[in-house]
Amino acid sequence: NPSRMTDCHYCLQSLRGRKYALREENAYCVTCYDSLFANPCEECKQPIECDSKDLSYKGRHWHEGCFKCAKCSRSLVEKPFAAKDELLLCTECYSDEYSSKCFHCQKTIMPGSRKMEFKGSSWHESCFVCQYCRQPLGTKPLITKDNENYCVPCFEKQFAHHCYSCKKVITSGGVTYHDQPWHKECFVCAECKTQLSGQRFISKDDYPYCLDCFSKLYAKKCASCKKPITALGGPKFISFEERQWHGECFNCAKCSVSLVGQGFLTRQDDVLCHKCGSA
């Protein structure tokens, strides 16, 4: 058909000497093309004519002059931008409204930059470093002290206690004895090696002992019952001529009356009340 490219495919008017547009190998006058195919602009709602630049983003279209930040109205043509609730924003406005602030430097973490998150706060990747060695922490294990983050080696070097017994780092818990830190599992009786953490113990010559071992090794024996005299046996004990008695054991050997606070007599290894001693 010789008129195919000389007449408008829709209104059939001659295109000679007129501007036209092609679509699927068919020629259209500008008026018909715009009415049939022009996309409506998201901003001004007017059609984007064929002689205008059509900018599109996720199925939506704008005139070149309408493609601008919804907050500050600066042009977004050939500039980075972000979308929020179907609004287009320049990176500066988006950051002011929605971006996180770095916990360390308090500056905005710009869209598109890598963000590190830890304990509900955000950091620039370059700010999320060990406070001591300044090396990036990334996803490495870390320890926080006084709102500062440390890699584990630096924290141990700067702050961790070393066990008085095994000399290794105490990472949690621990026991203090004679102003020295110990692992709970290292704080044991010097004799039987039973763990003493949370237990009663007695110290001698800078070493801790469980009560049983201390009694067996060091406690004086009661002259009457032959058992060790310890603080657990009561607060009172009686001593006489290098012999000791529990308070409740210091009785007359004959009538068993208590001699605590009373006068007494001795006969060989026995102690007697005055009455039995005079009989």
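- Going by the annotation in an unreviewed UniProt entry, the name recorded for the protein is Four and a half LIM domains protein 5, with Nycticryphes semicollaris given as the source organism.
- In the Subcellular location (unreviewed entry) part of its UniProt record, the protein is described as follows: "Nucleus".
- Listed under Subunit (unreviewed entry) in UniProt, the entry text for the protein is "Interacts with CREM (via the third LIM domain). Interacts (via second LIM domain) with SPAG8."

1. Description of the overall build of the protein
- When its secondary structure is counted, the protein shows 5 helices and 20 strands.
- Here the protein has a C-alpha radius of gyration of 47 Å; the compact-globule value for 279 residues is 19 Å, and the former is much larger.
- With the C-alpha coordinates of the protein rotated into their principal frame, the extents come out at 155 × 35 × 35 Å.
- Evaluated residue by residue, the protein yields a buried proportion of 31% over its 279 residues.
- In the protein, 12% of the contacts between residues at least 6 apart in sequence involve partners at least 24 apart.
- As displayed, the protein offers around 18800 Å² of accessible surface, 47% of which is attributable to carbon and sulfur atoms.
- If the 39 positive side-chain charges of the protein are averaged to one point and the 32 negative ones to another, these points end up 9 Å apart.

2. Regarding the packing of aromatic side chains
- Tallied over the entire structure, the rule returns 21 aromatic pairs.
- For the pair Tyr-33 and Phe-37, a centre-to-centre distance of 5.2 Å together with 55° between the ring planes defines the contact as tilted. One end of the pair is Tyr-33 and the other is Phe-37, both in helix α1 (residues 30-37) and 4 residues apart, which spans about a single turn.
- Residue classification places Tyr-33 among the buried positions, given a relative accessible area of 16%.
- Here Phe-37 falls in the partly exposed class, since its relative accessible area comes to 25%.
- Ring centres 5.3 Å apart and planes at 80° place the aromatic pair Phe-187 and Phe-201 in the edge-to-face group.

3. Some points on unusual backbone geometry
- Positive phi, close to 60°, is recorded for Glu-78, a residue that is not glycine.
- Among the structural elements, Glu-78 can be located in the loop between β4 (60-63) and β5 (81-84).

4. Digging into the environment of Cys-189
- Inspection of the secondary structure assignment puts Cys-189 in the loop between β14 (180-182) and β15 (201-204).
- A relative accessible area of 0% places Cys-189 in the buried class.
- Spatially, the C-alpha atoms of Cys-189 and Asp-205 are 13 Å apart, while their sequence positions differ by 16 residues.
- With sequence-adjacent residues up to four places away left out, Cys-189 is seen in contact with Thr-194, Leu-196, Pro-208, Tyr-209, Cys-210 and Cys-213.

5. Details of the UniProt feature "domain: LIM zinc-binding" (unreviewed entry) in the protein
- In the numbering used here, UniProt assigns the "domain: LIM zinc-binding" (unreviewed entry) feature to residues 39-99, 100-161, 162-219 and 220-279.
- Overall, residues 39-99 shows 13% helix and 26% strand. The separation of its end C-alpha atoms is 33 Å.
- Strand forms 29% of residues 162-219 and helix 12%; the C-alpha atoms that close the span are 33 Å apart.

6. Remarks on the side chain of His-246
- Checked against the element boundaries, His-246 lands in strand β18 (residues 243-246).
- On the basis of relative accessible area, His-246 is assigned to the buried category, the value being 8%.
- Aside from chain neighbours lying at most four places away, what touches His-246 is Cys-222, Cys-225, Lys-227, Pro-228, Ile-229, Lys-236 and Ile-238.

7. A look at α1
- The complete set of buried residues in α1 reads Cys-32, Tyr-33 and Asp-34.
- Among the structural elements, β1 (20-23) and β2 (26-29) are those in contact with the buried residues of α1.

8. Examining the confidence of the model for the protein
- On average, residues of the protein score 83 in pLDDT, and 96% of them reach the 70 mark or higher.
- For the protein, per-element mean pLDDT is lowest for helix α2 (residues 91-98), which scores 79, and highest for β4, which scores 92.

9. Points about the pattern of salt bridges
- Taken as a whole and assessed by the stated rule, the structure comprises 4 salt bridges.
- In this structure, the salt-bridge partner of Arg-74 is Glu-92, at a minimum N-O distance of 3.8 Å. With Arg-74 in the loop between β4 and β5 and Glu-92 in helix α2, the pair connects residues that are 18 residues apart, well separated along the chain.
- Under the relative-accessibility criterion, Arg-74 is labelled partly exposed at 44%.

10. Thoughts on the nonpolar core
- Grouped together as the largest cluster of nonpolar side chains are 15 residues, with contacts concentrated most on Cys-41, Trp-62, Phe-67, Cys-69, Leu-76, Leu-88 and Cys-90.
- Counting residues per element, the ones that place at least two in this core are β6 (87-90) and α2.
- At 3 residues, β6 tops the list of elements feeding residues into this core.
- Not counting chain neighbours up to four residues away, the residues in contact with Trp-62 comprise Cys-41, Glu-42, Glu-43, Ile-48, Lys-53, Asp-54, Leu-55, Ser-56, Tyr-57, Phe-67 and Leu-88.

The rules behind each value
- Residues numbered from 1 in each chain as written.
- Predicted model: local features only at pLDDT ≥ 70, side-chain atom pairs only at ≥ 80, totals over all residues.
- Heavy atoms only, no water.
- UniProt positions renumbered as here; feature names shortened; annotations may be inferred.
- Helix = DSSP H or I, 4+ residues; strand = E, 2+ residues; numbered from the N terminus.
- Rg over C-alpha atoms; globule rule 2.2 N^0.38 Å.
- Buried < 20%, exposed > 50% of the residue type's maximum accessible area, 1.4 Å probe, protein only.
- Contact = heavy atoms within 4.5 Å.
- Areas by Shrake-Rupley, 256 points an atom, 1.4 Å probe, with all protein chains shown as cover.
- Lys, Arg positive; Asp, Glu negative; His and termini not counted.
- Charge placed at Lys NZ, Arg CZ, Asp CG, Glu CD.
- Phe/Tyr/Trp six-rings, centres within 6.5 Å; stacked < 30°, edge-to-face > 60°.
- pLDDT = per-residue confidence, 0-100.
- Salt bridge = Lys/Arg side-chain N within 4 Å of Asp/Glu carboxyl O.
- Core = buried A, V, L, I, M, F, W, Y, C linked by side-chain atoms within 4.5 Å.

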